[in-house]
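Listed here are the chains, written in short residue letters.
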Amino acid sequence: QRLRTSRSMGDKPRVWCLATDGSYYEFDQLPARCLPLLRKGVDLGVVPAEHDATREFAEFCKEVLNLEDDQIVYGDNAFFVDSPGSGTTHMADALGEAMDSLARKQIGALSRENSGNSTPKKGKVAKKAVWDLLPFKRTTELHMLEAKMHGRIHVLAESQEWHEMNLNGAILHRHVKNMDKPSIIEQLQLNITTPRGYVCSNEQDLLVAYRMLANETPDVKVIIKPIGSSGHGTFAPGSAEELRFYDFPYGDVVLQENVAEEGEGARLSPSVQYMESRVLDGKLCERIIMGSTTYGLRSSTAEDAFNEEIQGHAAKLIEALKPTGAGGFAFIAHEGKPMLTDIHTQSGIEHFTKLFHEMYGQDKFFASWSFCPNQALDIWTLWTRLCDQDIGFTPGASVKGVFPLLFLRGMTATLIALGDTEAEVTEMRVKADLLVRLVEEIPKMESVALCQTRNQIWCQSPRIEYRLQTQRYNLPSRCIGLLRPGRDIIVLPGGHEPTKEYWEFAKDVLGFDEDQAIFTTGDSFCLDHDFDDVVLGKLRSAIQASDKQWTFVPYMVTKEFEGWATKMSDLNLAVFGEDLEWVNKFGSKGILHRHIQSLDEPGIIEMIDPNIRVAKGYTCSTVDDLIEAYKLIDAKMVVVKPVFGAAGEGILFLNTEEQLRMYDFPMGDVCLEEFLDLDKAADGLVLSPAMHYNEGVLLGKDLVDQIMVGTSYMGWRKSEVPKSFQKTADRYMQTFMQHIKPKGPGGVDFLSVKGLPVLSDINTGRFNGAHFPKLFINAQAPGSAFFCWKAAPSNVVDVYGYWNKLVAAGIAFIPGKSTEGVFPLLYLRGMSGFYIAI
C-alpha cells in the first residue's frame, strides 16, 4: 500500500508554535527548532521574546533564509510552558496582525506580477485563509488560542479523545493492570512484531512488569520509555532495585525488553515520520542509538527490502490510527526482520531533520547531530567558518553542505549535513565538528603613535608612482578636518589657491590657529620633495616650543619621506606608519597571489590563512609573465591591477593576448586576476565593502560599502552585505592584522561573489580614503551613521558660498554644535570635493 506524501500539503501557510506543558525538560529549546523550516513570505514561527539565544538564532535564520521581519512572532515566555495568564489574547492579536501583513504582501506581489511592472495594483484583500498551526503538543493555551482566533487557525494535533484511545504505549503493549485488554496492534491484527513490554503507572506496576518479563528471560535487560515524550527520558536501569526509586517525571511509561545484544555498541533504528497522515518525502531516517541515548540521525542504511517492509507497516498503522498531527514509527532489525519499538504521536527531532531534508535536498544523503556549543561560540562565527571551508549549505542556493537546524548559544545546537554520498556526508560532519571545537583568541591591540596625548604633524604626500593632479592636492588636504585646534600641524602644498582657500575656511569654522598650517613652495608633484630648510625650520621651531610629544603622520612611509624626516631625528619624534622593510613585505597588492615566476612559493595571504578567498590570479613583472598568467587563469576577461595603485588608478579590463602584449607596466608590477561576476546592492551598485584600521585597531564597527563608478570609488555608505558576510570579513581582517602587526594605517577591500567575501584589494601601509570620514566621525559625532561622497565643485562657487547654502538650508554640520548635517571634508574649487552627511 502506497502512502500519500507530505508534498501534497502544497503551499498552505503554516504557523509553527512549539509550545509544551512544561513537563518537557527542554521546553526552552523547542520553539526555535521551527525557524529553518519557514518558507519566505509564507509561514510564521512563534518563539519566546525573553530568550536571548533564540533571538540570536532567529536573526540568523531571517538573514540566511531571507525571511520577512513579520514572519517571526515573539510571544510571552509563559505561553510556551502552558502557564496560566500567559498572554494568549496578546498572542492572538500578534498572530492575526502577522497573518494579515503576509497576506497583503502576497497580494501586492501577485498584483505586480500580473501588471508587469513594479507598481502594485489596488485590489480587495482576499478572504482570510485558514492557517495550519503545527504545535509540539496540544496544550490548554493552544485550545484558548484556537478559540480566540475565530477559525483562522487549524491546530494539527491529536485531540484528547484520540490520545485516550491511542496512547503511545497502549498501541504497542497492554497495561500491566489490565492484561485482559489487548494492545491496539493486537486488536487490529496488524501482524507487526514488537518487543515484549507493558504500560506502567507507578513503581508497583514496574516491579510486576519486570517479574513478568524475567519469568521468561531470567537475565532480561529492560528499558524505560516515558509515554508522550518523543523519546526524552528513556533510560536502561541496571537492576530491578532501581525501579523502586523511579518517580515517573513524564507520567506513564512502558517497561520494555531491550532486545539489543550486549556489546553490540551503536544500534541503528530506521524510522518513518508522518504529518497529518502523510509520510515525509525523501530517504528514510535512522537513529544512531548509544545505550538509551540517540546519538544522531542519518539517512537509512538498511536494505531496500527492509525499508519497504517498514514503510508497509507504517502505512497500516496510519490507516488504522487516522492521525491528524505529527508522529512517527521507529524500528530495529531483530533476527533480520523489522521490529516496531516505538510510536511517537507528536513532533520529534526527526521531524525537523526530515522536513528540512524534504524542503532542500530530498534526494540527498543526510546526517544530523546535536552538541552543546561553547558559550564563546556564536552562530555567525560558526556559519562563517562553515562557509570558509566551502561546506556551508545555503538553503535554496546550495546543493550540499552543513546547516544549523538549531543553535542556542551555550545551550544546544543541531547541525545537518546533506551530500551526494554517505562518505561525503561523513567527511563534512568531521570538518564541522572540528570547526565547532576551534577556539580563537584575538589579542586586543591599542593605538600608540596616534594616541590623543601626542601632537601630530600631518604630512600626506602622494607616492612618486602616482600621476593624477587630484592626488597631488587631495592627499595633503583631505586630513585638514582632523586637526585639533591649538595642537596639531599640517603641511600643505603652496602656490595652489583652492588649497589656501579651503584652509582659510577650515580655520574659521573649526577654530584653527594661523600657524597650524605650513605651506611649501608647491613646486613638486610629490610633497615630500618640497620639505626644504624653510619648512623643516618652521617644524623644528614649533616642536621645540611645545612641551608635548609629537608624531609624524605621513600618507605612507617612503624613501622620500624618510629622506627629510631623518633630518629631525634628534627631536625623538614618533612616526605613525610602517618601516620600509614592512612596506616592502606587506605594503602592496602583490601579497594576494603567488608570483608567476615562482609558483612553488605561496603568496603571503595564502601563508597567513589559505581559507581566505581571493580571485584566481598571479603577480606579474613582464609581458611574458602576463601571457603565462593569462593561460593559467583560463578566463576570457581578466583584470590588470598595479600593485601600488590607489583609488582605482591603472586598473584595466582586458580580454585578449594582444592587449596584454601591449601593456608597458607604467606603475610597475601588477596583479593579473580573473574577472568576477559580482553581486549588486538593491540599487544596482556593485557590492564592494571595505574595512580600515589604525595600528591594528579597526575603525568603525561594521563594513562600509564603496560607491563604485567603474574602477573608482565615489564615496562610502553603510554596507548592505548580510551579517554573515560581515562576520567572515571581520575574521579575515583580524587574522590578517594578527600576522602583519601594523603600526600605521591601512585597509582592505572585498567583493561579494555569490554572497561570499572575496579579498580583492590590499591597501596596507597607507591611509585610505575612508580613514578621513571615519576619523572625523569619531572626533565630532561618535557612533553616528554617515554617508560620504565625492563631487567636483563648481569653479565659480567657493567653499564659503557652498557653506552658506548649507547653513541657509538648515543642513550644515557645525562641529561642536550640530548632531547631524553636511560638512565639506575637502573643497578644492574647480577640482575636488569630498562631503559627509552625518
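Residues numbered from 1 in each chain as written. Predicted model: local features only at pLDDT ≥ 70, side-chain atom pairs only at ≥ 80, totals over all residues. Heavy atoms only, no water.

Participant: Explanation requested: the sheet that holds strand S9 (residues 253-257) in the structure shown.
Facilitator: Neighbouring strands of a sheet are bound in pairs by backbone hydrogen bonds; such pairs are parallel or else antiparallel. Spatially, the four strands line up as an open sheet ordered S6-S7-S9-S8, and their pairing is mixed. What marks the edges here is a single partner per strand, and that holds for strand S6 (174-175) and strand S8 (222-226). In terms of strand pairing, S6 meets strand S7 (residues 197-200) through two bridges, oriented parallel. Among the inter-strand pairings, Arg 174 is bridged to a residue of S7, identified as Tyr 198. (Pairing = 2+ DSSP bridges. Helix = DSSP H or I, 4+ residues; strand = E, 2+ residues; numbered from the N terminus.)

Participant: In this structure, what is going on with the side chain of His 496? I would like to understand it.
Facilitator: In this fold, His 496 is placed in the loop between strand S20 (489-492) and helix H13 (497-510). Residue classification places His 496 among the buried positions, given a relative accessible area of 12%. (Buried < 20%, exposed > 50% of the residue type's maximum accessible area, 1.4 Å probe, protein only.)

Participant: Looking at this structure, I do not really get unusual backbone geometry. What am I missing?
Facilitator: Negative phi values dominate among residues other than glycine, just as trans dominates among peptide bonds. Of note, the phi angle at Asp 634 is positive, near 55°, even though the residue is not glycine. Inspection of the secondary structure assignment puts Asp 634 in the loop between helix H18 (623-633) and strand S25 (638-642). You can call Asp 634 exposed: its relative accessible area is 66%. Here the phi dihedral of Lys 754 falls at roughly 55°; this positive angle occurs in a residue that is not glycine. With respect to the helices and strands, Lys 754 occurs in the loop between strand S32 (745-753) and strand S33 (756-764). Accessibility expressed as a relative area gives 77% for Lys 754, which makes it exposed.

Participant: Explain helix H1 (residues 52-64) to me, please; I cannot follow it from the model alone.
Facilitator: Given 3.6 residues per turn, any residue in an α-helix points the same way as the ones three and four places further on. For H1, built from 13 residues, the straight-helix expectation of 18 Å at 1.5 Å per residue is met to within 8% by its first-to-last C-alpha distance of 19 Å. Of all the positions in H1, only Ala 53, Thr 54, Glu 56, Phe 57, Ala 58, Phe 60, Cys 61, Lys 62 and Val 64 are classed as buried. If you follow the buried residues of H1, they end up packed against strand S2 (44-48), strand S3 (72-75), helix H10 (379-388) and strand S17 (401-408). Positive backbone phi, approximately 60°, marks Asn 66, located one or two places after H1. (Expected span 1.5 Å × (residues − 1). Contact = heavy atoms within 4.5 Å.)

Participant: Is there a simple way to think about the environment of Leu 213 in this case?
Facilitator: Looking at the secondary structure, you find Leu 213 in helix H7 (residues 203-216). The buried category is assigned to Leu 213, whose relative accessible area is 0%. In this structure, the C-alpha to C-alpha distance between Leu 213 and Arg 196, residues 17 residues apart in sequence, is 7.4 Å. In contact with Leu 213, other than residues within four places in its own chain, are Arg 196, Gly 197, Tyr 198, Val 220, Val 222, Leu 255 and Glu 257.

Participant: Quick question: what am I supposed to make of the packing of aromatic side chains here?
Facilitator: Aromatic ring pairs are reported here in terms of the distance separating the ring centres and the angle at which the planes meet. Taken as a whole and assessed by the stated rule, the structure comprises 40 aromatic pairs. Relative to Trp 383, the ring of Phe 60 lies with its centre 5.5 Å away and its plane at 75°, an arrangement referred to as edge-to-face. With Phe 60 in helix H1 and Trp 383 in helix H10, the pair connects residues that are 323 residues apart, well separated along the chain. The class for Trp 383 is buried, based on a relative accessible area of 3%. Of the aromatic side chains, those joined through ring pairs into one cluster are Phe 57, Phe 60, Phe 356, Tyr 360, Trp 380, Trp 383, Phe 393 and Phe 403. (Phe/Tyr/Trp six-rings, centres within 6.5 Å; stacked < 30°, edge-to-face > 60°.)

Participant: Mind showing me how you'd approach helix H14 (residues 533-544) here?
Facilitator: In a regular helix each residue adds 1.5 Å, so 12 residues correspond to 16 Å; H14 covers 16 Å between its end C-alpha atoms and thus fits that length. All of the buried residues along H14 are Val 535, Leu 536, Leu 539 and Ile 543. Viewed along the axis of H14, the buried residues span an arc of 95°, placing them on a single side of the element. Turned more than 90 degrees off the buried face of H14, the exposed positions are Asp 533, Val 534 and Gln 544. Those residues of H14 that are buried lie in contact with strand S19 (455-459), S20, strand S21 (517-519), strand S22 (550-554) and helix H15 (559-565). The N-capping residue of H14, defined by a side-chain oxygen 3.2 Å from the backbone nitrogen of Val 534, is Asp 532. (Arc of directions from axis to C-beta. Polar contact = N/O pair within 3.5 Å; in protein donor to acceptor, adjacent residues only side chain to side chain.)

Participant: What exactly am I supposed to notice about the pairing of S19 here?
Facilitator: In summary, the side chains of a regular strand alternate between the two faces of the sheet. Burial analysis of S19 places five of its five residues in the buried class, the great majority of the element. Burial along S19 is two-sided: Asn 455, Ile 457 and Cys 459 and Gln 456 and Trp 458, pointing in opposite directions, are all buried. Bridging between S19 and S22 involves five bridges; their strand directions are parallel. Each bridged residue has a counterpart across the sheet, and for Cys 459 the counterpart in S22 is Pro 554.

Participant: Just checking my understanding: could you explain the packing of H10 against helix H20 (residues 723-740) for this structure?
Facilitator: The angle between the axes and the distance between the axes are what describe a pair of packed helices. One can describe the packing of H10 onto H20 by two numbers: an axis separation of 9 Å at closest approach and a directional angle of 75°. With respect to H20, the axis of H10 lies roughly perpendicular. Along its contact with H10, which presents Trp 380, Thr 381, Trp 383, Thr 384, Arg 385 and Asp 388, the element H20 presents Lys 723, Ser 724, Lys 727, Thr 728, Arg 731 and Tyr 732. A per-class count over the contact of H10 with H20 returns three nonpolar, four polar and five charged. (Axes fitted to C-alpha atoms, helices over the stretch in contact; angles between N-to-C directions. Parallel < 35°, antiparallel > 145°, perpendicular 65-115°, else oblique. Nonpolar A, V, L, I, M, F, W, Y, C, P; charged D, E, K, R; others polar.)

Participant: Whenever I open this one, the packing of H10 against helix H11 (residues 422-437) confuses me. Can you help?
Facilitator: Put simply, H10 and H11 touch, their axes get as near as 10 Å, and they point 140° apart. With respect to their mutual orientation, H10 and H11 come out oblique. The hand of the H10/H11 crossing is right-handed. Between H10 and H11, the residues in contact are Leu 382, Arg 385 and Leu 386 and Ala 432, Leu 435 and Val 436, respectively. Looking at the contact of H10 with H11, its residues break down into five nonpolar, no polar and one charged. (Left-handed = near helix turned anticlockwise from the far one by under 90°.)

Participant: Where do I start with the confidence of the model for the protein in this structure?
Facilitator: Low pLDDT means the predicted atomic positions in that stretch should not be read closely. Per-residue confidence for the protein gives a mean pLDDT of 85, with 89% of residues at or over 70. With pLDDT under 50 throughout, residues 1-9 is counted as low confidence; its partners more than four residues away or in other chains account for 21 contacts. (pLDDT = per-residue confidence, 0-100.)

Participant: Quick question: what am I supposed to make of the pairing of S3 here?
Facilitator: Of the pairings in the sheet, the one linking S2 to S3 comprises four bridges and is parallel in character. Bridge pairing in S3 links Gly 45 to Ile 72.

Participant: How do you make sense of the environment of Gly 486 when you look at a structure like this?
Facilitator: Relative to the helices and strands, Gly 486 is located in the loop between helix H12 (469-477) and S20. In the structure, Gly 486 is positioned 28 residues away from Glu 514 in sequence and 9.5 Å away in space, judged by C-alpha atoms. Beyond its immediate stretch of four places on either side in the chain, Gly 486 contacts Asp 513 and Gln 516.

Participant: I tried to follow the pattern of salt bridges on my own but got confused; where do I start?
Facilitator: If the charged atoms of two oppositely charged side chains come close together, the side chains can form a pair. Applying the stated criterion across every chain yields a total of 36 salt bridges. A salt bridge links Asp 378 to Lys 727, with the nearest nitrogen and oxygen atoms 3.7 Å apart. Of the two residues, Asp 378 sits in the loop between strand S16 (365-371) and H10 while Lys 727 sits in helix H20, which places them 349 residues apart along the sequence. Overall, Asp 378 belongs to the buried group, its relative accessible area being 9%. When salt bridges that share partners are traced, they join Lys 225, Arg 287, Asp 342 and Glu 350 into one network. (Salt bridge = Lys/Arg side-chain N within 4 Å of Asp/Glu carboxyl O.)

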